[in-house]
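The chain contents come next:
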Amino acid sequence: MVSRPVLDDDAYVRSGAEQTAVKILVVGHFAVGKTTLISTLSEITPLSTEESMTRVSEAVDDLKGVRGKTTTTVALDFGRLTLSDRVVLYLFGTPGQQRFVNLWQDMARGALGALVLVDPERLADSFAVMDLIEEHGLDYAIAINHFDGTPARTEAAVREALDLLPDTPVVVMDARDERSSTDALITLVRYLQQRAALEHA
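Residues numbered from 1 in each chain as written. Predicted model: local features only at pLDDT ≥ 70, side-chain atom pairs only at ≥ 80, totals over all residues. Heavy atoms only, no water.

Draft legend 1. Main features of the overall build of the protein. From N to C terminus, the protein includes six helices and seven strands. Going residue by residue from the N terminus, the α and β elements of the protein occur as β-α-β-α-β-β-α-β-α-β-α-β-α. Burial status across the protein gives 47% buried among its 201 residues. Of all intrachain contacts in the protein linking residues separated by at least 6 positions in sequence, the fraction that spans at least 24 positions is 75%. (Helix = DSSP H or I, 4+ residues; strand = E, 2+ residues; numbered from the N terminus. Buried < 20%, exposed > 50% of the residue type's maximum accessible area, 1.4 Å probe, protein only. Contact = heavy atoms within 4.5 Å.)

Draft legend 2. Representation of the pairing of strand 6 (residues 140-145) within the structure. Of all six residues in strand 6, six are buried, a share of seventy percent or more. Both faces of strand 6 are covered, namely the face carrying Tyr140, Ile142 and Ile144 and the face carrying Ala141, Ala143 and Asn145. Chirality of the crossover, the property in question, places the unit of strand 5 (residues 113-118), helix 4 (residues 127-135) and strand 6 among those that are right-handed. Sheet topology note: the strand 6/strand 7 (residues 170-173) ladder contains four bridges and is parallel. Opposite asparagine 145, over in strand 7, you have methionine 173 as the bridge partner. (Right-handed = clockwise from strand over helix to strand, strands pointing away. Pairing = 2+ DSSP bridges.)

Draft legend 3. Structural detail: the pattern of salt bridges. Going through the model one piece at a time under the given rule, you end up with eight salt bridges. Of the charged contacts in the structure, one is a salt bridge between aspartate 106 and arginine 109, with a shortest N-O distance of 3.2 Å. On the basis of relative accessibility, which here comes to 51%, the residue aspartate 106 falls in the exposed class. For arginine 195, the salt bridge is made with aspartate 139, and the minimal N-O distance between the two is 3.1 Å. One end of the pair, arginine 195, is in helix 6 (residues 178-199); the other, aspartate 139, is in the loop between helix 4 and strand 6, with 56 residues separating them in the sequence. Overall, the relative accessible area of 28% leaves arginine 195 in the partly exposed class. Its relative accessible area of 19% is what places aspartate 139 among the buried residues. (Salt bridge = Lys/Arg side-chain N within 4 Å of Asp/Glu carboxyl O.)

Draft legend 4. Main features of the packing of aromatic side chains. Per the counting criterion, the structure on display carries two aromatic pairs. Geometrically, the ring pair formed by phenylalanine 78 and tyrosine 90 is stacked, given 6.1 Å between the ring centres and 20° between the ring planes. Of the two residues, phenylalanine 78 sits in strand 3 (residues 71-82) while tyrosine 90 sits in strand 4 (residues 87-93), which places them 12 residues apart along the sequence. Here phenylalanine 78 falls in the buried class, since its relative accessible area comes to 11%. (Phe/Tyr/Trp six-rings, centres within 6.5 Å; stacked < 30°, edge-to-face > 60°.)

Draft legend 5. Representation of unusual backbone geometry within the structure. Despite not being glycine, alanine 31 shows a phi value in the positive range, around 65°. Inspection of the secondary structure puts alanine 31 in the loop between strand 1 (20-28) and helix 1 (34-41). We classify alanine 31 as buried; its relative accessible area is 18%. The backbone of aspartate 163 sits at a positive phi, close to 55°, despite the residue not being glycine. Within the element layout of this structure, aspartate 163 appears in the loop between helix 5 (155-162) and strand 7.

Draft legend 6. Representation of helix 5 in the model. Every buried residue of helix 5 is listed here: Val158, Arg159 and Leu162. Buried residues of helix 5 fall within an arc of 100° about the axis and therefore sit on the same side. Pointing more than 90 degrees away from the buried face of helix 5 are the exposed residues Ala156 and Glu160. The inward-facing, buried residues of helix 5 abut strand 5, helix 4, strand 6 and strand 7. Just beyond helix 5, the residue with positive phi is aspartate 163, at close to 55°. (Arc of directions from axis to C-beta.)

In structure tokens:
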């Protein structure tokens with residue numbers, strides 16, 4: 001059953017504050033930690049469309065290298081994070097499977113940028129996601145979601161594997177950890193501000 005948050009009048013913008021609402025996509029391949037990150041950070045009860053995986057979906061979704069995965073996002077995840085008195089982020093998590101790619105067009109509309117989560121042990125799985133990011137013209141930062149027991153990848157190795165531009169931010173984080181996840185989003189927002197300043201210079 002899909003959980004549905006109860007939102008009061010202050011659920012989106014805190015009363016009395018003049019805030020800029022920023023739409024951010026949280027994207028990445030299947031089972032990379034998008035739902036976990038939004039659940040970790042959201043200051044409201046996150047909207048989640050996690051459903052139990054069935055035998056039919058197991059035949060479609062590649063579970064190689066994924067431990068303990070029993071649910072998957074079938075529409076979107078949504079959360080809110082206030083970074084300061086001036087900036088509030090609306091976080092939209094996209095499904096990672098190719099069969100949900102038709103949702104991207106609507107979800108990308110109005111988004112200022114994207115935080116792209118990657119698994120250092122499954123970098124090749126990120127190629128299709130990177131193609132979609134480029135197709136929709138979104139600025140982005142890369143967040144390496146480092147899992148327990150997996151060897152660390154150097155930033156240079158990730159940059160080479162994903163063919164990143166020199167100024168594209170790359171951070172290491174743990175989607176279960178509030179501080180490192182917040183730092184990843186702050187890195188993205190600062191990058192987006194820099195990009196906007198250059199465009200208006």
